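Summary of the model geometry
The residues making up each chain are set out below.
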Amino acid sequence: MKQTATKIVWAIIMIVLFSCSKSGGNTGGTETPDKPYTISGIIKDVSGNPVPGARIRVENPTGNNIHYTTSTNEAGRYSVTVSAIGGYKIYAWREVEFNNEVYQIRLGMETDADYNAFSVPAGGIVKNFVWKISGRIPDRTISKENGTGYFGGTIKFINYNSITDQMPAGTQVTIKLTPFTGARYLDGTPSTGKTVEKTFTVLDGVGQAYYINDIPATHYKITASATLNGTTKNVNIGSGTPDVFKNSAEHYFKSEGGSGSLENGLGSPNEYSFYVMFAR
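Residues numbered from 1 in each chain as written. Predicted model: local features only at pLDDT ≥ 70, side-chain atom pairs only at ≥ 80, totals over all residues. Heavy atoms only, no water.

1. Regarding the overall build of the chain
Rules: The helix and strand labels rest on DSSP assignments: H or I over at least four residues marks a helix, E over at least two residues marks a strand, and numbering proceeds from the N terminus. Exposed residues in this analysis have more than 50% of their type's maximum accessible area, buried residues have under 20%, and partly exposed residues fall in between, with area computed by a 1.4 Å probe over protein chains only. For this analysis, residues touch if any pair of their heavy atoms sits within 4.5 Å. The Shrake-Rupley method, run with a 1.4 Å probe sphere, supplies the accessible areas, and residue values consider only the shown protein chains as cover.
If you tally the helices and strands in the chain, you get one helix and 18 strands. Going through the 280 residues of the chain one by one, you find that 41% of them count as buried. Across the chain, the fraction of contacts at a sequence separation of at least 24, relative to all contacts at a separation of at least 6, is 68%. Roughly 14,700 Å² of accessible area belongs to the chain as shown, and the carbon and sulfur atoms make up 51% of that amount.

2. Things to note about unusual backbone geometry
Most peptide bonds take the trans form, and the phi angle of most residues other than glycine is negative. Here Asp-214, not a glycine, exhibits a phi torsion of approximately 60 degrees, which is positive. Take Asp-214: it is sitting in strand E14 (residues 209–215). A positive phi angle, near 55 degrees, is found at Asn-229, a position not held by glycine. Assignment of secondary structure puts Asn-229 in the loop between strand E15 (220–228) and strand E16 (231–239). Classification of Asn-229 as exposed rests on a relative accessible area of 74%.

3. A short note on the environment of Ile-85
Mapped onto the fold, Ile-85 is located in the loop between strand E4 (77–81) and strand E5 (87–98). Distance from Ile-85 to Val-120, taken between C-alpha atoms, is 8.6 Å for residues 35 residues apart in sequence.

4. Here's the deal with the pattern of salt bridges
Operational definition: By salt bridge we mean one thing: a side-chain nitrogen of Lys or Arg within 4 Å of a carboxyl oxygen of Asp or Glu.
Taken as a whole and assessed by the stated rule, the structure comprises five salt bridges. Between Glu-101 and Lys-254 there is a salt bridge, and its shortest N-O distance comes to 3.7 Å. Here Glu-101 is found in strand E6 (residues 101–106), whereas its partner Lys-254 is found in the loop between strand E17 (249–251) and strand E18 (273–278), with 153 residues between them in sequence. We classify Lys-254 as partly exposed; its relative accessible area is 46%. A salt bridge links Asp-139 to Arg-106, with the shortest nitrogen-to-oxygen separation between them at 2.9 Å. Within this pair, whereas Asp-139 is found in the loop between strand E10 (129–130) and strand E11 (153–158), its partner Arg-106 is found in strand E6, the two being separated by 33 residues in sequence. Residue class for Arg-106 comes out buried when judged on its relative accessible area of 2%.

5. With respect to the side chain of Asn-60
Mapped onto the elements, Asn-60 comes out in the loop between strand E2 (55–59) and strand E3 (67–71). In this view, Asn-60 contacts Ile-66, Gly-86, Gly-87 and Tyr-88; residues no more than four positions away in its chain are not counted.

6. Regarding the nonpolar core
Heads up, the rule is: Working definition of a nonpolar core: buried Ala, Val, Leu, Ile, Met, Phe, Trp, Tyr and Cys residues. They are joined through side-chain atoms within 4.5 Å.
Residues Ile-39, Ile-90, Phe-157, Ile-175 and Leu-177 are the most contacted members of the largest nonpolar core, which totals 55 residues. By residue number, the principal contributor to this core is E5, which donates five residues. Those residues within four positions of Ile-39 in sequence are excluded, and the remaining contacts are Val-58, Tyr-78, Ser-79, Val-80, Val-82, Ile-90, Phe-118, Val-120, Ile-125 and Lys-127.

7. Considerations on the pairing of E15
Stated precisely, the cut-off is as follows: Note on pairing: DSSP must find at least two bridges between two strands before they are called paired.
Pairing between strand E12 (residues 172–179) and E15: eight bridges, direction antiparallel. Paired with Val-173 across the bridge in E15 is Ala-226. Strand direction decides the pairing type here: E15 and E17, joined by three bridges, are antiparallel. In the strand pairing of E17, Tyr-220 is matched with His-251. Pairing of E15 with E16 involves five bridges; the strand directions are antiparallel. Bridging from a neighbouring strand, Thr-227 pairs with Thr-232 of E16. Taking the residues that link successive antiparallel strands as the turn, the E15-E16 hairpin has two residues, and the phi of Asn-229 there is positive, at about 55 degrees.

Take a look at the structure:
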């Protein structure tokens, strides 16, 4: 009788252990973390390739400077164990060198909901990232004038020159951005042949500034045209000056500098301006 009772107890223990080993907070197709209260995931580029060497920061948005940092391995995977107490937000960056400048590029996430604060269950949670070169950054405020809130960069144009009259109000200006042959985006994917066109309409007033937003960062040739009252004309561009105009200009987005902000990692459009005028 005693042996039978002992066997029953051991059977119950084995069932409980087996059940515990099957439980967890696994989502997103990544294995359940081995340690409790662990955030794990993978970072991929737009082509689905893993991104090694990315930096991840997990922080408690309520303050107290509670944060954890880690980085992705060669397979693009990361794992970080946090305290069971509190909610968290998670961010990722990738360091890139381009035109002898170092960029700290903010990386995106799979869904807009992933940018929200979250709690970490005992079984762990999965948070995957995607390297985005354009689109909205859901947890940042859009400012067209400052270029914030987008993964892509912003370029500033001014309707002013010291040579002839300004373009009149109502003129529609089309900016064409053509990547140079062999150019690549900051994530390393080819940009050749992927032309971008943006438009703005001239308003009344002296020296008005206009911004085109969310441009994937690469090395561009800029050309422009303008339409007024059904007539289209070529536009010349002043690169950094309202005194010298040419039929095209070159541009690449400079680094914001620093160790990585919550914005896209590209410099402010207000640090450099292009000027437009009808071709003479």
